[in-house]
Amino acid sequence: MPLSNVTSDRLNFYQRIRYSIFPGTRHSRTDRDHYRQFFNGLLLHFRPRTVPQRTLGFTLTWGLGGMAVVLVGILFLSGLMLKFSYQPVPDRAYESIVRLQNTVYFGQLIRNIHHWSGNALLVIVFLHFLRVFFSGAFHTATRQFNWVLGLAMFLLVLASNFTGYLLPWDQLAFWAVTICTGMLEYIPGIGGGLQRLVRGGADIGPATLSIFFAIHTAIIPAGLLILMPFHFWRVRKARGLVIPRIPGDDPQDRGESAAAIPNLIVRELAVASVLIASILIFSILFNAPLEAKANPGLSPNPTKAPWYFAGLQELLLHFHPLFAVLVIPGVILGLLLFLPYLRYDADSAGIWFVSHQGRKTAVIAAVSAAVLTCLGILANEYILDFAAWLPAVPTVISNGLLPAALVLAGIIGFYRWIKKRYSTTNNEAIQAVFVLLLTAFVVLTAVGIWFRGAGMTLGWGGW
Ligand code: HEM
Ligand code: HEM
């Protein structure tokens, strides 16, 4: 008899509890149907019922947004487990990590999983950011704000990695955080106060550790928990992902639709399974680094920032700190925030690299930036020294304003040249400048990580 015909007083105690939790299962016939209906219903709260067939191809998203979600999930789970044994006070933090590694069952593995997932998340979110940009999925009205939300989440992921970095309280952690929070001092007016606020005092100490711990394990996770559903909701409101197309395709043509279950869900599960297996294998093979316990009296040489801030640290070697720490990153962040709202004159949503010409100008920008950044670093190391050449001028001008103005003039010159030489659309020219800055940032980061040795001199530095 179909269960829908069964009145509740004829159900036994177990059935009454079960149907109160899974009401949908009362109306289906077999146990298999019950569960399928329940899980499908649950999934469809998060997923659309149908999706455009063309957005299912792996080469649109590369699974990157989904991977970011899985990694955040792994981090929450492993982070909660770490909380059972980690003690956020300088006297005991390092020892609690050593104890976790040596005496707690799977302690080392859980720490490795947390460590590698945190680092992987940064790389994956960065790649997701690039895929969204280069597939033109950020400047149509329905997606503009999602780009801004994405940037906010990117900053949270960065802050999460940075605050987590201090927690093991080893030499690496202590000195990297000393360097990075030291940079705050150069912000005019509020720098000193901001630095004391972040450190909880003049120096890195017990207050810093407890502030970082609270931010790491409560504030940032709460921020992510709020922003992530907002981000996914915006994707739903944009009627799903951008539809991939080639130049000349009709932008209105959404193509066929396919049921999200099983088409989308199976693909997501496949990506998640491969990712989880990879993180697990990597964490079994490679231990998270742990150096000697923090010693505030003995700084390692060179003292390097975490790898994701290596570009910033490299910038600090070439520009006055005010420009390296505040002006340049601030201007770039501002530009990124407003990027979706600039005036675009071609509808390139869904077309990789805007057009054939866009692809060509992007390559030209990447090669030019790689060569010019390397030359700039070498010149500044061995020849250029504005501060020495202009001793009467304050260094904030000779080492800050002057080189920054030269770089800015170079960027504007490049923009004009590419527009004129290739008669590009706005979309192509903006993309070329984006690639120019992106490549410069990647080169600076690579040099900071691998080519700075003792005393931060140029040479093979390892990491
Ligand atoms: C923790 C960080 C992030 C998570 C968990 C996340 C997650 C996702 C997911 C699952 C999707 C849909 C599938 C996909 O595109 O792969 C998506 C789409 C999107 N994301 Fe993110 N994202 C994050 C960061 C970012 C960043 C940094 C940006 C850009 C600044 C961004 C901008 C977008 C946009 C514009 C879309 C819509 C793309 C389209 O319509 O094709 N997201 N995100
Ligand atoms: C986006 C989310 C997160 C990221 C990117 C992240 C990243 C990190 C990183 C890079 C470390 C240093 C690991 C090491 O080298 O030892 C760390 C440590 C730690 N994290 Fe997280 N984490 C995240 C979320 C969480 C959450 C939600 C919790 C707990 C509620 C948590 C708890 C901890 C604890 C207790 C440590 C110290 C243990 C240790 O250093 O091994 N984390 N985290």
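These lines cover the structure that appears in this document, whether it is placed above or below. (Residues numbered from 1 in each chain as written. Chains lettered and ligands numbered in written order. Predicted model: local features only at pLDDT ≥ 70, side-chain atom pairs only at ≥ 80, totals over all residues. Heavy atoms only, no water.)

Observations regarding the coordination of the iron atom of ligand 1
Listed as protein donors to the iron atom of ligand 1 are His 128 (NE2) and His 231 (NE2); their distances from the metal cover 2.0 to 2.1 Å. For the iron atom of ligand 1, the six donor atoms are set out with angles of 87 to 179 degrees between them, so the coordination reads as octahedral. With His 128 in helix α6 (residues 107–134) and His 231 in helix α10 (residues 206–237), the pair connects residues that are 103 residues apart, well separated along the chain. (Donors = N, O, S within 2.8 Å, 3.2 Å for Na, K, Ca; no water. Tetrahedral: all angles 85-135°; square planar, octahedral: opposite > 155°, others 65-115°. Helix = DSSP H or I, 4+ residues; strand = E, 2+ residues; numbered from the N terminus.)

Description of the coordination of the iron atom of ligand 2
Distances from the iron atom of ligand 2 to its protein donors, His 114 (NE2) and His 216 (NE2), fall within 1.9 to 2.0 Å. Around the iron atom of ligand 2 sit six donor atoms, and with donor-metal-donor angles ranging over 88 to 180 degrees the site reads as octahedral. Of this pair, His 114 sits in helix α6 while His 216 sits in helix α10, and the two are 102 residues apart along the sequence. For His 114, a relative accessible area of 16% puts it in the buried group. (Buried < 20%, exposed > 50% of the residue type's maximum accessible area, 1.4 Å probe, protein only.)

Structural notes on helix α14 (residues 356–382)
Since the α-helix packs 3.6 residues into each turn, any two residues three or four apart lie on the same face. For α14, spanning 27 residues, the distance from its first C-alpha to its last is 40 Å, which sits close to the expected 39 Å at 1.5 Å a residue. Burial in α14 covers these residues: Gly 358, Thr 361, Ala 362, Ala 365, Ala 369, Thr 373 and Ile 377. Packed against the buried residues of α14 are α12 (310–318), α16 (395–422) and α17 (426–450). (Expected span 1.5 Å × (residues − 1). Contact = heavy atoms within 4.5 Å.)

Let's talk about the site of ligand 2
Around ligand 2, 23 residues are found, and the nearest of them are Arg 111, His 114, His 115, Ser 160 and His 216. A distance of 2.7 Å is found between an oxygen atom of ligand 2 and a side-chain nitrogen or oxygen belonging to Arg 111. For ligand 2, a nitrogen atom lies 2.8 Å from a polar atom in the side chain of His 216. Broken down by secondary-structure element, the contributors of at least two residues to the shell around ligand 2 are α4 (64–83), α6, α7 (144–166) and α10. Top element by residues in the shell around ligand 2 is α4. It accounts for six residues. Of the residues assigned to the shell around ligand 2, the class counts are twelve nonpolar, nine polar and two charged. (Near = heavy atom within 4 Å. Polar contact = N/O pair within 3.5 Å; in protein donor to acceptor, adjacent residues only side chain to side chain. Nonpolar A, V, L, I, M, F, W, Y, C, P; charged D, E, K, R; others polar.)

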